[in-house]
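Remarks on the overall topology
This is what each chain is made of:
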Amino acid sequence: MARSAALAACLEAVLGSRSNANRVFEILELLAGQEDEEDLLCAGRACSRLFGALLERRELLVGPLPAEEPSLAGDYSAEDKYKVWMRHRYKECVDCLAELMGHDAFQVKELSLCTLMKFVELEARYPLIKVEWKGSLTFPRDLLKVVVDGLLPLNEDASLLISRFQEYMEYDDIQYFVIKAVTESIGQVMQKTKERPLPFYQQNVFSLISPINMPNKESDMVKFLVKQDNWEELKVSKLQAHKQAFEKMWLSFLKHKLPAGLYKKVLVILHDSILPYMNEPTLMIDFLTLAYGIGGAISLLALNGLFILIHQHNLEYPDFYKKLYSLLDPSVYHVKYRARFFHLLDLFLSSSHLPAYLVAAFIKRLSRLALTAPPEALLMVIPFICNLFRRHPSCKVLVHRPNGPEDISEDPYIMEEEEPSKSRALESSLWEIQTLQSHYYPEVAKAAAILNQSLSEMEDDISGLLELSAYELFDKEVKKKVTDVPLEFEQVQGLFGKKNDIFAEHFSLD
């Protein structure tokens, strides 16, 4: 409390008379001390009020900042010397606050962030950049870059501080210059790593840029922190410039090797939040093909982006169906992204012009993997297979093959073959689906039995089955109304009361 009162008195003295200007060091020394958390908070608030007032009163030098000692000894007027001197103190304050964004205590970090963003707003309104020609931009980009660098530490997770910063990203001008600053930061940091991932740094960058909401049209860009007189002429007010900066930022981020977990996070939002706002989405081809080749869940997620590029931007992907076929392994029935994968697989196999051998290979592999799949996945994949038969009637030989292999060991289908055309799927039969007709879960057995009948021409709607879970199945079974089933034909009297009971003939329980 005493410290707070002392700082308040010091603040009043500095703002009240220039003869007390040297007392600013009392505040700055406390801010640079970085010892007691409460002292830091008091000093931070004092600096916020002090330099906020000086910016509003225009008592800091406008234009390039000269070296302190030569300028004070030079021919400057007393007014200019004061402004130069105080501008240097302001710079020291900014440097201290930037360093405190890496402090252990979150309250100190938050205060430093909010104070710096207050200075950004005030510098935007009362520029320290000299306007040399009409149309020059006076936004404090360098100060905002200091903030962005503080949000992107190399060795710690800054997601909590970044979430606090998101409220400023609602302003279109702040968002634009943050995008520019992030692009610059990625170039400076990642070129030093020699292709090694920096998990904390890259995760922090993703946390900062993934929530960015790009406007759909220029008329949506209405919220700016501050507007200059010639605002309409500047790039920051143009949607095209925002898109170019957004595209450059993501391309610079994705050209470096990412940790596996981050690949998944990027791919989950790629088709909705990134590709639609790029001027040239085809520039993502390299990233998507690389991700598609990694395998596992990452390849499944890369399908979404590839689907958009193939169907909307005429991307030609060699051996696409061969790679898609190789993604079918036991995990596809268990992964978190199962619904998305089967939705896309359904789209890729929807064309009636696909060769029969290719579709048959997909049907056969899905059926073989179904033998070890959970019931909730089976209730989705059996109608999925039936839909493939409806689209490709030539594949029905898999169901109706009277002279097929009598024993499973004689099945000609080669499960390990990576090339669908060499898997001999069309020579096989769907004994796997017949096996599922004896499944322990009655609903699966009932669904598998449909292939014993002729299929209707109307395709089954599987959209409601894609996200079916074990919990839903269990809940459905628990809520079923069970009718009473007779367990005995003759009503018994007592423990051994049946008619003609041999025990009752020889023993009595009286």
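Look up a bit, the structure's there.
Residues numbered from 1 in each chain as written. Predicted model: local features only at pLDDT ≥ 70, side-chain atom pairs only at ≥ 80, totals over all residues. Heavy atoms only, no water.

This next bit is on the overall build of the protein chain. The helix and strand inventory of the protein chain stands at 22 helices and zero strands. The C-alpha atoms of the protein chain give a radius of gyration of 35 Å, which is well past the 24 Å a tight globule of 510 residues would have. With the C-alpha coordinates aligned to their principal axes, the bounding extent of the protein chain is approximately 120 × 75 × 40 Å. Burial analysis of the protein chain (510 residues in total) assigns 48% to the buried set. Considering only contacts in the protein chain between residues 6 or more positions apart, those separated by 24 or more positions represent 72%. For the protein chain, the accessible surface area stands at approximately 27,100 Å², while carbon and sulfur atoms represent 51% of it. (Helix = DSSP H or I, 4+ residues; strand = E, 2+ residues; numbered from the N terminus. Rg over C-alpha atoms; globule rule 2.2 N^0.38 Å. Buried < 20%, exposed > 50% of the residue type's maximum accessible area, 1.4 Å probe, protein only. Contact = heavy atoms within 4.5 Å. Areas by Shrake-Rupley, 256 points an atom, 1.4 Å probe, with all protein chains shown as cover.)

As a further point, take helix 11 (residues 239-254). With 16 residues, helix 11 should reach 22 Å at 1.5 Å per residue; the first-to-last C-alpha distance of 22 Å fits that figure. Among the 16 residues in helix 11, 12 count as buried, and that is most of the element. Restricting attention to buried positions, one finds in helix 11 the residues Leu-239, Ala-241, His-242, Lys-243, Ala-245, Phe-246, Glu-247, Met-249, Trp-250, Ser-252, Phe-253 and Leu-254. For helix 11, the elements touching its buried residues are helix 9 (172-190), helix 10 (199-209), helix 12 (260-274) and helix 13 (285-294). (Expected span 1.5 Å × (residues − 1).)

Structurally, Leu-40 is set in helix 3 (residues 37-56). Residue Leu-40 is classed as buried on the basis of its relative accessible area, which comes to 2%. Separated by 68 residues in the primary sequence, Leu-40 and Val-108 have C-alpha atoms spaced 7.1 Å apart.

This part covers the nonpolar core. By size, the foremost hydrophobic cluster in this structure holds 167 residues, and its most contacted members are Phe-51, Phe-165, Trp-250, Phe-253 and Phe-342. If we skip the residues at most four places from it in the chain, Phe-253 touches Ile-186, Gln-202, Val-205, Phe-206, Ile-209, Leu-258, Leu-262 and Val-266. (Core = buried A, V, L, I, M, F, W, Y, C linked by side-chain atoms within 4.5 Å.)

In this structure the tally under the stated criterion is 25 salt bridges. A salt bridge links Arg-164 to Glu-110; its shortest N-O distance comes to 2.7 Å. Residue Arg-164 is located in helix 8 (residues 159-165), and its partner Glu-110 is located in helix 6 (residues 106-125); the two are separated by 54 residues in the primary sequence. A salt bridge links Glu-170 to Lys-223; the shortest N-O distance between them is 3.0 Å. With Glu-170 in the loop between helix 8 and helix 9 and Lys-223 in the loop between helix 10 and helix 11, this pair connects stretches of sequence that are 53 residues apart. Assessed through its relative accessible area of 36%, Lys-223 is described here as partly exposed. Here the salt bridges share partners, and the residues they tie into one network are Lys-364, Arg-368, Asp-411 and Glu-432. (Salt bridge = Lys/Arg side-chain N within 4 Å of Asp/Glu carboxyl O.)

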